[in-house]
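Chain and residue survey
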Amino acid sequence: HPIVELQDVKRIYTLGTNRIYALNGVSISIEKGDFVTIMGSSGSGKSTLLNMIGCLDLPTSGKVKVNNVDLSRLDDDGLTAIRRNNIGFIFQQFNLIPTLTAIENVEIPMIFNGASPAKRRKKAIEMLKKADLPLEFAEHKPNEMSGGQQQRVAIARALANEPPILLADEPTGNLDTRTGQNIMKLLKELNSSGTTVIVVTHDPKLEEYSHTTIRIQDGEVVE
Ligand code: ADP
Ligand code: ADP
C-alpha cells in the first residue's frame, strides 16, 4: 500500500461569506521509498497540502491515509501520535531552539518519546553524523553555525525518531545555491537508504533530485 494517500481531498477555508478552496479534490498516492517534489506557485495550496500529509490538519472532505491509517478517524492525540511516529519535518527557517546546542536540539523529539539522557545523547550524535555535521559543531548553538550547518542539525532532529517520511518545506529557501545543492544531496542519500522524502517548493531547480513531481495549481493537481 502507498505510504501517503489522499482521495478527493478538499480543504475549504471560510473567510466571512467567502469560501476558499485551498485544495479542491486532490487525489495523490506516494509509494514508500519515493522522492517527491510538490511544486506550485504561491497560493496554489502547497502549505495546505503539507499540513494534510504532515497530520497537522484534517480535510473538509475526502480521505487522507498515512501508513495506511485513515486520519479522519483520529482525535488530536491520535493525529499527534501518527505524526510523531511517521513524519520528520524540515523547514525553510530551520526552526532550531536558539538557546540549545546542536546536540540538545536533536535530542528534543527523543524527550517526548521517553528515551534516557544517555541514550538520547548517543542517538543525537549518531544522527548529526548521518546529517554530515562536522562534530566540532555538536556543542555549538545555532547562531554559531552557518545556514547550511543549521539545516543539517534540523535534518538530524527530523531523523531522531527514525520516521519513515521526511517532509521538507522549502528546505533550501534560506541557503545559497551551492549549500542548497548539498542539502538536497543529503536528502537524496537519506532517500537511498529507505526514507520517503517529500519536498514542497516553488523552486523548479529542486525537481531534478526527485523521482516524482506533483504539480499543484489553484488547489488542484495539474500534473
Ligand atoms: P501555498 O503554500 O502554495 O502558498 P496555501 O496552502 O498557503 O498555498 O494557500 C492556498 C489558498 O488558501 C490561498 O488562497 C490562501 O490564501 C488560502 N489560505 C491558506 N490558509 C488559509 C487560512 N488559514 N484561512 C483562509 N485562507 C487560507
Ligand atoms: P511557511 O511555509 O508559511 O513559511 P512554516 O515553514 O513555518 O510556514 O510552516 C509550514 C507548516 O508547518 C505550517 O502550516 C505550520 O503549521 C507547520 N509547522 C510549523 N512549525 C511546526 C512544528 N514545529 N511542528 C510541526 N508543524 C509545524
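Residues numbered from 1 in each chain as written. Chains lettered and ligands numbered in written order. Predicted model: local features only at pLDDT ≥ 70, side-chain atom pairs only at ≥ 80, totals over all residues. Heavy atoms only, no water.

Naming follows an unreviewed UniProt entry, where the protein appears as Putative ABC transport system ATP-binding protein of Methanolobus profundi. Quoted verbatim from the Sequence similarities (unreviewed entry) field of the UniProt record, the comment on the protein reads "Belongs to the ABC transporter superfamily." (UniProt positions renumbered as here; feature names shortened; annotations may be inferred.)

Right, let's talk about the overall build of the protein for a bit. If you tally the helices and strands in the protein, you get six helices and 10 strands. Computed over the C-alpha atoms, the radius of gyration of the protein is 17 Å, within 12% of the 17 Å expected from 2.2 N^0.38 for a compact globule of 223 residues. Principal-axis analysis of the C-alpha atoms places the extent of the protein at approximately 50 × 40 × 35 Å. For the protein, buried positions account for 49% of its 223 residues. Summarising the internal contacts of the protein: among those between residues at least 6 apart in sequence, 71% fall at separations of at least 24. Placing the 25 positive and 27 negative side-chain charges of the protein at their respective mean positions leaves the two points 4 Å apart. (Helix = DSSP H or I, 4+ residues; strand = E, 2+ residues; numbered from the N terminus. Rg over C-alpha atoms; globule rule 2.2 N^0.38 Å. Buried < 20%, exposed > 50% of the residue type's maximum accessible area, 1.4 Å probe, protein only. Contact = heavy atoms within 4.5 Å. Lys, Arg positive; Asp, Glu negative; His and termini not counted. Charge placed at Lys NZ, Arg CZ, Asp CG, Glu CD.)

Let's shift gears to the site of ligand 2. Around ligand 2 lies a shell formed by Leu 50, Asn 51, Leu 56, Phe 91, Asn 95 and Asp 169. Within the side chain of Asn 51, one N or O atom sits 2.8 Å away from an oxygen atom of ligand 2. At a separation of 2.7 Å, an oxygen atom of ligand 2 approaches a polar side-chain atom of Asp 169. In isolation ligand 2 exposes 560 Å². Once the protein is present, 49% of that is buried. For the shell around ligand 2, a count of residues per class yields three nonpolar, two polar and one charged. (Near = heavy atom within 4 Å. Polar contact = N/O pair within 3.5 Å; in protein donor to acceptor, adjacent residues only side chain to side chain. Areas by Shrake-Rupley, 256 points an atom, 1.4 Å probe, with all protein chains shown as cover. Nonpolar A, V, L, I, M, F, W, Y, C, P; charged D, E, K, R; others polar.)

This paragraph deals with the sheet that holds strand E1 (residues 4-15). The antiparallel open sheet is built from four strands, whose spatial order is E2-E1-E4-E5. Both outer strands of the open sheet, strand E2 (18-30) and strand E5 (69-70), are each paired with one neighbouring strand and no more. Two elements, E1 and E2, share 10 bridges in a ladder whose sense is antiparallel. Within E2, the residue paired with Arg 11 across the bridge is Leu 23. Contacting E1, E2 and strand E4 (61-66), helix H1 (residues 46-53) crosses the sheet at an angle of about 125° to E1. (Pairing = 2+ DSSP bridges. Axes fitted to C-alpha atoms, helices over the stretch in contact; angles between N-to-C directions.)

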